[in-house]
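# Residue-level structural notes
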Amino acid sequence: YSDYLIGKERLALATREDIEAARDKFQQAVDSDPNYAPARAALAHAWLLLEHEEFGKVDKAAVDAVVEPQLRKALELSPDLPEAIAIRGLHHLQRYRYEEARNDFNRAIHLNPNYAPAYLWRSETWYEQEQYLQMLADKEKAYSLDPMSLEISAQLAFDYGSFWRPRDADRIIARMFELHPGHPRAYRALAANLSNHGRYGEAALLPREAVEAHPDNTLFR
């Protein structure tokens, strides 16, 4: 359980190094107790994040080889575990199976209306249907439940920028920097908001500061 908790804390920090560390902690938790379903679900979540380009772009086949059996076993052990159902939905989402994804997110929210990631991930299914107000509503709900989440904050700030609400985006981004000074997600959210609203002089200066804080980040370079 300690490995699982440490893994969740590292996962929330949303850098490649932290997600890899979280993956290893979740694997240790599963090795210690193969019947602990939340650890299996969390392990699948970490692997799905590592598939993203900013976190290493692990090959999808390699991800599926871990994610599918871990989620299957987690749901055998605990069929109504909201986290496992929502993470299965995330897997569907990343494989473009939008209907299956939304069904899982709806089920997870029914079981636990306070599980913020399910709202965040469900918002992407609304985006694919061009239902942008529903998309924004789900992200606002996710943020209301977990305003400290870097992932939720970054995505809501981006959407506020797209909806021409720069002050709302600025408020969220300022909180990201307050909670995690110099975090790459905060820099990326700020750069997007500045560019979206024509503040190109500020946007042009920002990458230099970001590179100084993160010299190995190829995106900032």
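What comes next concerns the included structure. (Residues numbered from 1 in each chain as written. Predicted model: local features only at pLDDT ≥ 70, side-chain atom pairs only at ≥ 80, totals over all residues. Heavy atoms only, no water.)

### What to know about the pattern of salt bridges
The condition is simple: Whenever a carboxyl oxygen of Asp or Glu lies within 4 Å of a side-chain nitrogen of Lys or Arg, that contact is scored as a salt bridge. Runs of H or I in DSSP of at least four residues are treated as helices and runs of E of at least two as strands, each being numbered from the N terminus. Using a 1.4 Å probe on the protein chains alone, a residue whose accessible area is under 20% of its type maximum counts as buried, one over 50% counts as exposed, and one in between counts as partly exposed.
The final tally for this structure, using the stated rule, is 18 salt bridges. For the salt bridge of aspartate 3 with lysine 25, the shortest nitrogen-to-oxygen distance reads 3.4 Å. Highlighted residues: aspartate 3 in helix H1 (residues 2–12) and lysine 25 in helix H2 (residues 16–32), separated in sequence by 22 residues. Aspartate 138 is paired through a salt bridge with arginine 122; the nearest N and O atoms lie 2.7 Å apart. Remark: arginine 122 occurs in helix H7 (residues 116–128) and aspartate 138 occurs in helix H8 (residues 132–145); sequence separation between them is 16 residues. Here aspartate 138 and arginine 122 have matching classes, each one buried. Within the structure, one salt-bridge network assembled from shared partners comprises Glu140, Arg165, Asp168 and Arg171.

### Quick word on the layout of surface pockets
Quick reminder of the rule: For each structure, a 1 Å grid was placed over the protein atoms alone; sets of points admitting a 1.4 Å probe that cannot get out are labelled cavities, open sets with protein on both sides within 12 Å along at least five of seven lines are labelled pockets, and lining residues have an atom within 4 Å of a point. Grid points are joined across faces, edges and corners, and a volume is the space filled by probe spheres set on the points. Residues are grouped as follows: nonpolar covers Ala, Val, Leu, Ile, Met, Phe, Trp, Tyr, Cys and Pro; charged covers Asp, Glu, Lys and Arg; every other residue, Gly included, is treated as polar.
The computed volume of the largest pocket comes to approximately 1500 Å³. Together, 42 residues line the largest pocket, and His52, Glu54, Phe55, Arg185 and Arg188 are the ones closest to its centre. Residue assignment for the lining of the largest pocket shows that the elements contributing at least two residues are H2, helix H5 (82–94), H7, H8, helix H9 (150–162) and helix H11 (184–196). Residue contributions to the lining of the largest pocket peak at seven residues, all from H9. Within the lining of the largest pocket, the residues separate by chemical class into 20 nonpolar, eight polar and 14 charged. What the second largest pocket holds in volume is close to 800 Å³. In terms of lining residues, the second largest pocket is bounded by 34 residues, among which Lys8, Leu11, Ala12, Pro117 and Asp146 are the most central. No other element matches the six residues that H1 contributes to the lining of the second largest pocket.

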